[in-house]
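# Structure at a glance
Given next are the chains, with one letter for each unit.
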Amino acid sequence: MAEPTVRVRADQDTLVRSWLRAVAATAYVPRTSQEITAGLAEMVDTLVAAMVAEPFDPTPGTEVGERMVAEGLIGENTLQQSVAALAEGLHGPADRKVSLLVAVSSGYANALRNRTLAQQENMKIALHSAMRQAERDRRATESRFREVFASSAVGIAITELDGRFVETNPALATILACETGDLAGRSLAEFITNEPDVSGSPLAHLPDRQRLRRLNGETAWVYAKSSLLPDESGGPAYRVTMVQDLSELHLLGDRLSHQLLHDALTGVANRISFESRLETMHGKAAPTSTLTLCCLDLDAFSMVNTTYGHELGNRVLRTVAQRLEAVAGEKAVVARIGSDEFAVLVLDAPPVSEFVDAINAELSEPDYTDGVGLAVSASIGVVRAGPSAMSSAELFRAGESALRQARASGRRQWVEFDHDADKRDRALGSAATALPAAWENGELDLRYDVVARLADHKPVRVTAVPGLDRPAAGLPSAADLAETTGLSVALGPWLLSRSTEHVPVWRALFGSEPVHRVLLSPLQSADAELSGVINRAIAATAIPPGLLEVGLHTGTVTGNGDAQDNLRTLGDIGVVTALHGFAGGPREVTMAERFKVGAVLLADPFEGWRPDWLPHDCVQVETTRGLIDTMRSIGVSVGVRGVRDLAEARWWAELGADTGEGPAFGLGLAVDDVLSRVRSAK
Amino acid sequence: MAESTTTWVPEGIDLDRPSAARLYDYLLGGGHNFAHDRELAHRFLKAQPHAREIARHNRSFLRRSVLFMIENGLRQFLDLGSGIPTVGNVHEIAHNADPACRVVYVDYEEVACAHSNLMLASNPNATIVQADLTVPEEVLAATRATGLLDFDQPIGVIMAGVFHFVPDAKEPAKIIGRYRDATADGSMLSFSQFTRDLMPEEMDRVVEVMKSSRDPMFPRTREEIIALFDGYEIVEPGIVPTALWHPDTGLDDGQDPNLAGILAGVGRKR
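Residues numbered from 1 in each chain as written. Chains lettered and ligands numbered in written order. Predicted model: local features only at pLDDT ≥ 70, side-chain atom pairs only at ≥ 80, totals over all residues. Heavy atoms only, no water.

### Examining the overall build of chain A
This is how the line gets drawn: Secondary structure elements are taken from DSSP: a helix is a run of H or I of four residues or more, a strand is a run of E of two residues or more, and numbering for both begins at the N terminus. Each residue gets one of three labels from its accessible area relative to the maximum for its type: buried under 20%, exposed over 50%, partly exposed in between, using a 1.4 Å probe on protein chains only. Contact definition: two residues touch when any of their heavy atoms are within 4.5 Å. Note on areas: these come from Shrake-Rupley sampling with a 1.4 Å probe, and a residue is covered only by the protein chains present in the view.
Across its full length, chain A carries 24 helices and 21 strands. Per-residue burial for chain A yields a buried fraction of 44% across its 682 residues. Pairs at least 24 residues apart make up 64% of the contacts formed inside chain A by residues separated by at least 6 positions. On chain A, roughly 34,000 Å² of surface is accessible, and the fraction owed to carbon and sulfur atoms is 53%.

What follows is the structure, encoded as structure tokens:
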């Protein structure tokens, strides 16, 4: 029977403590000291039991060794220190102690080996997955790069540091006009030419611009940028060059600059370049020389377009440009300055009339196309001045002003620049353009002209007119100004709706005949919205339509379907209609009859002459008397405007006219003034 | 024999340059290391004979600081520069205390990440993010993307034995500040790093040895480390050798705490 191995419990505790010290000094165990101590105590118990067990079996020693590893007691010297502690603390037969500690060591060694193998297995898997991930990333990067490389519109060349191609993409081959394979062994430098730049090229400001000679001999403009591709150690390995084809851009740039200075259709200078060439010629002209500028407007050109089509119209414009160049000579400048406007600038031209005749003769020669012979005529404004008399800008403006005057005087006219006419035009233009602002600002007012019965000079109605608060001297009326800018289309409805508010006043004043008249301008007469406007005005004021007399412009009604529609509709509404500016031609009389107008207002048949000074039997008077008789015979009353005084009024009354208006009866009066004048007339 | 162990390593992984993570693993008795790492470890041991103790103490500090943070109510952890999973990982310590704890590891080394992925594959409350801890924006974005941490609740940010690899040029104070600003009030910082203060000669030799590795070292003084805790209130006992920070008296009795070589501390975001 063996001696008890551990005599007292205290010995066992001492062993556990010394083993703990050995472990703590040699290994990191991620547990509290109590937890570790408990584990060690169990192992000590196992070993103590094994020492006294019969028959002796060292296997529990192996298990303790394995458990040490499992619990992490695996510092470098942990086994050695542990065995030393156990050798000292375990009591019993030496042979049993030796075989038990050998078993501990052997179990520990095997477990540690297995643990290391397991860790290395894990490590291997980890490395594999890390590598696979890296490989996946690399492949994804590579395929992304391939995609970009192959599909890029920018040429990409990867070259050796000496410039030889390593790899090129399809875009680069396209730029160089060859196959990718053709580039093998070559270098980018072979394609670069050093030809000088075209001056004024729109691309001249671009840095890194290169000119390449393509394989087919053409030149290509490119934008090239290269950078170094470092190898893994950071040193340069390859050069990557991006090549962008600028040829298209270059061509476009050239074309744009040509278009900037030339008219695309005719090839002659355009307006912008004409101004600069005028300026140049003006600046270089000797003080004694003269500059002659003709501005031409083709007569009725829109008719050519609408009748024969734009293609033929364009052909005519080209022909005109060529012929003008032929007439004007090499030193002249011919330009197209508007859709159907040309300008010809000549230094020291022949006398104006000769020059204009030459142009007209050339243009009137028919141009035969597809069996259609087309000749055009032009209205021409001419200005001729020495360089010191006018600046180049003034010269151009004067030419265009003369052209406007020529246009105003009819077709195939030419007008030489006239300072006074120009001044009038400009005053008129500025007044007309200022009118919309005046209207917006409420400076435009409602006024009335008094209409009187010529038989007894009794006021019978009023005519509403727009009036300016501060009318400018020597200018046409606000209504006429409005007509020149088109404002009258907006002004008409305003006049109608504003003035109908006063109809009750006039009704009380004049009785039941039409008491309120509005005369419409040509634009207003043809306005498609007219009947709507009048309907609304009537509805808003709830007046009988018969109190309203609306006069349309005679010339517009005879020539315009819309205006005739308006006349008919107004009659249907019940408004009394009138035609003003009535000259008495057969068509006009027919219109008056057909549309059953209530009245006509004569256009002045005597062109400003006082009629009462004319002989009674002169032809104009006879004709007018005839016209008045005719109109009255078909039930149309005849009105006269511009009656200066009562003598004139009496003259017209004798001739048979029904109503008169003008200075004799009061023009442009405010409502109150009309009231007081009418009352005093009673 | 040393070379033969690497024959099983797949091609394409750079093992020529030893890594601090694998060196640390070796010093702690792990098997996740290679000949070059062990060779470096031996040179390290020559320069600093107490390297194993230092490693043990640092690992022990990590464990105690995590438990401290759990005692203070924290249940989520961001372990920056976690390295190769070795004995006593943060999620093991935390889950042992409360299985509901959530842990995000961050490391930039491929093998460490692959290894952690293997280990955490079946663990819904822990994961690893491969990112460089010196680029906080990336790390924070990737961490948020895991959805594991709630940035409105306090987070235990762990920087154990890692900032001695971050040079001053990278402005460590700013880096730490970014993490501090990204976390809620009451968050804590567990921080430890090498110092020259305790064993200057050995430390100088270590710096020299580590110059050849992927991870050269930059020891800092106690004052410099305190400065890195800007915005944090440093808890008792302050910045001390790892062995003296809330020591487990049963284990570390009778050892010279200065052998720790590493200064450590925990701070609470103010």
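### Some thoughts on the overall build of chain B
Across its full length, chain B carries 10 helices and 8 strands. Taking all 270 residues of chain B together, 59% fall into the buried category. If you take every contact in chain B between residues at least 6 apart in sequence, the share linking residues at least 24 apart comes to 73%. Accessible surface computed for chain B: about 10,700 Å², of which carbon and sulfur atoms make up 51%.

### Describing the pairing of strand 1 (residues 76-80) of chain B
Residue and element names in this part refer to chain B. Using the following cut-off: If DSSP finds at least two bridges between two strands, the strands pair. When the strands point away from the viewer, a crossover counts as right-handed if the route from the first strand across the helix to the second turns clockwise.
Counting buried residues in strand 1 gives 5 out of 5 residues, a clear majority hidden from the surface. Residues Gln76, Leu78 and Leu80 line one face of strand 1 and the alternating positions Phe77 and Asp79 line the opposite face, and both faces are buried. Of the pairings in the sheet, the one linking strand 1 to strand 2 (residues 102-107) comprises 5 bridges and is parallel in character. Across the sheet, residue Phe77 finds its bridge partner in strand 2, namely Val103. Regarding topology, helix 4 (residues 90-97) serves as the crossover connection from strand 1 to the parallel strand 2, and that connection is right-handed. Relative to strand 4 (residues 156-160), strand 1 is paired through 3 bridges, and the arrangement is parallel. Bridging from a neighbouring strand, Leu78 pairs with Val157 of strand 4.

### What to know about the layout of surface pockets
Residue and element names in this part refer to chain B. So the rule is basically this: In this analysis a 1.4 Å probe is tested at points of a 1 Å grid over the protein atoms alone, and where it fits but cannot get out there is a cavity; an open set with protein on both sides within 12 Å along at least five of seven lines is a pocket; lining residues have an atom within 4 Å of a point. Grid points are joined across faces, edges and corners, and a volume is the space filled by probe spheres set on the points. Residue polarity follows a fixed list, in which Ala, Val, Leu, Ile, Met, Phe, Trp, Tyr, Cys and Pro are nonpolar, Asp, Glu, Lys and Arg are charged, and the others, Gly among them, are polar.
If you add up the space inside the second largest pocket, you get close to 780 Å³. Around the second largest pocket, the lining is made up of 43 residues, and of these Ala20, Gly161, Val162, Phe165 and Asp215 lie nearest the centre. Counting only elements with at least two residues in the lining of the second largest pocket, the list comes to helix 1 (20-27), helix 3 (51-71), strand 2 and strand 4. The greatest single-element share of the lining of the second largest pocket, amounting to 6 residues, is contributed by helix 3. Of the residues belonging to the lining of the second largest pocket, the class tally is 27 nonpolar, 8 polar and 8 charged.

### Re unusual backbone geometry
In this model, A:Glu54 is joined to A:Pro55 through a cis peptide bond whose omega is -10°. Tracing the backbone through its elements, the reader meets A:Pro55 in the loop between helix 2 (33-52) and helix 3 (59-70). B:Glu236 connects to B:Pro237 through a cis peptide bond whose omega is 5°. Its identity is not glycine, yet B:Glu171 carries a phi of approximately 55°, on the positive side. Its place among the elements puts B:Glu171 in the loop between strand 4 and helix 7 (172-182).

### Observations concerning the confidence of the model for chain B
Residue and element names in this part refer to chain B. Heads up, the condition is: Confidence of the predictor at the level of single residues is given by pLDDT, which spans 0 to 100.
Scored by pLDDT, chain B comes out at a mean of 86, with 91% of its residues at no less than 70. A low-confidence stretch, residues 1-12 stays under pLDDT 50, and its non-local contacts, those more than four residues away or across chains, total 18 contacts. For this predicted complex, the interface confidence reaches an ipTM of 0.71, while the overall pTM sits at 0.48.

### Side note on the interface of chain A and chain B
Quick reminder of the rule: Buried area: the accessible surface (1.4 Å probe) lost by two parts on joining, summed over both. Salt-bridge detection follows one rule: a side-chain nitrogen of Lys or Arg within 4 Å of a carboxyl oxygen of Asp or Glu. What qualifies as a polar contact is a pair of N or O atoms within 3.5 Å, subject to a donor-acceptor requirement within protein and to the restriction that residues adjacent in sequence count only when both atoms come from side chains.
Counting residues at the interface gives 26 residues for chain A and 32 residues for chain B. Note on chain A versus chain B: buried area summed over both sides is about 2,600 Å², and carbon and sulfur give 65% of it. On the chain A side of the interface with chain B, the three residues burying the most area are A:Tyr28, A:Met123 and A:Leu127, jointly 29% of the side's total. Close ionic contact of B:Arg52 with A:Glu76 constitutes a salt bridge, the shortest N to O distance being 2.7 Å. Between chain A and chain B we count 7 residue pairs in polar contact (both at pLDDT 80 or more) in total. Going through the elements one at a time, helix 1 (9-26), helix 2 and helix 5 (94-151) of chain A are the ones with two or more residues in the side of chain A that touches chain B. The element best represented in the side of chain A that touches chain B is helix 5 of chain A, accounting for 13 residues.

### Some details on the sheet that holds strand 12 (residues 378-385) of chain A
Sheet strands line up and pair through hydrogen bonds in the backbone, either parallel or antiparallel. Residue and element names in this part refer to chain A. Put simply, the test is: Axis angles are defined between N-to-C directions and span 0 to 180 degrees, where every axis is a line fitted to C-alpha atoms and, for a helix, only to the segment in contact.
Here we have 5 strands laid out as an open sheet, ordered 8-9-7-12-13, and mixed in their pairing. Here the strands that pair on one side only, and so sit at the sheet edges, are strand 8 (333-336) and strand 13 (414-416). Across this sheet, the average inter-strand angle for adjacent strands is 15°, counted without regard to direction. Direction of pairing for strand 7 (residues 291-298) relative to strand 12: antiparallel, over a ladder of 8 bridges.

### Quick look at the side chain of B:Arg64
Considering the arrangement of structural elements, one finds B:Arg64 in helix 3. Only 2.7 Å separates the side chain of B:Arg64 from the side chain of B:Ser60, close enough to count as a polar contact.

### Regarding the packing of aromatic side chains
Spelled out, the test is: To pair, rings of Phe, Tyr and Trp, with the six-membered ring standing in for Trp, must have centres within 6.5 Å; the planes then decide the type, stacked if under 30 degrees apart, edge-to-face if over 60, and tilted in the middle. A ring has a charge above it when a Lys NZ or an Arg CZ is no more than 6 Å from the ring centre and no more than 35 degrees off the ring normal.
Per the counting criterion, the structure on display carries 13 aromatic pairs over all chains. Relative to A:Trp506, the ring of A:Tyr448 has its centre 4.8 Å away and its plane inclined at 70°; by these criteria the two rings are edge-to-face. Here A:Tyr448 is found in strand 14 (residues 444-453), whereas its partner A:Trp506 is found in helix 16 (residues 503-510), with 58 residues between them in sequence. Residue classification places A:Trp506 among the buried residues on the basis of a relative accessible area of 0%. An aromatic cluster of three or more residues is present, and its members are B:Phe163, B:Phe191, B:Phe229 and B:Tyr232. Over the face of the ring belonging to B:Phe151 we find B:Arg144, whose NZ or CZ atom lies 4.3 Å from the ring centre.

### Remarks on the packing of helix 6 (residues 136-146) of chain B against helix 7 of chain B
All names here are of chain B. Stated formally: In this scheme, a crossing is called left-handed if the near helix is turned counterclockwise away from the far one by less than a right angle; it is called right-handed if the turn is clockwise.
Here helix 6 crosses helix 7 at 30°, and the two axes come no closer than 10 Å. Here helix 6 runs over helix 7; the crossing is right-handed. Residue-level contacts link Pro136, Glu137, Val139, Leu140 and Arg144 of helix 6 to Ile175, Arg178, Tyr179 and Ala182 of helix 7. Within the contact of helix 6 with helix 7, the residues separate by chemical class into 6 nonpolar, no polar and 3 charged.

### Some thoughts on helix 4 (residues 78-89) of chain A
Residues and elements named next belong to chain A. Here is the rule: What a helix is expected to span follows from its residue count: subtract one and scale by 1.5 Å. Here, the arc refers to the directions that run from the helix axis to the C-beta atoms.
The end-to-end C-alpha distance of helix 4 is 16 Å, a good match for the 16 Å that 12 residues give at a rise of 1.5 Å each. Along helix 4, the residues classified as buried are Thr78, Ser82, Ala85, Leu86 and Gly89. Buried residues in helix 4, looked at end-on, bunch into an arc of 95°, giving them a common side. Facing away from the buried side of helix 4, by more than 90 degrees, are the exposed residues Gln80 and Glu88.

### Some remarks on helix 2 of chain A
With 20 residues, helix 2 of chain A should reach 28 Å at 1.5 Å per residue; the first-to-last C-alpha distance of 29 Å fits that figure. Along helix 2 of chain A, the positions that sit buried rather than exposed are A:Ser33, A:Ile36, A:Gly39, A:Leu40, A:Met43, A:Val44, A:Leu47, A:Val48, A:Ala50 and A:Met51.

### Let's talk about the pattern of salt bridges
Residues and elements named next belong to chain A. Applying the stated criterion across every chain yields a total of 38 salt bridges over all chains. Residue Arg568 is joined to Asp565 by a salt bridge in which the shortest nitrogen-to-oxygen separation is 3.2 Å. In this pair, Arg568 and Asp565 both sit in helix 20 (residues 561-573), 3 residues apart, roughly one turn of the helix. Arg568 sits in the partly exposed class, given a relative accessible area of 39%. Given a relative accessible area of 38%, Asp565 falls into the partly exposed group. Residues participating in the shared-partner salt-bridge network are Arg31, Glu42, Arg67 and Glu71.

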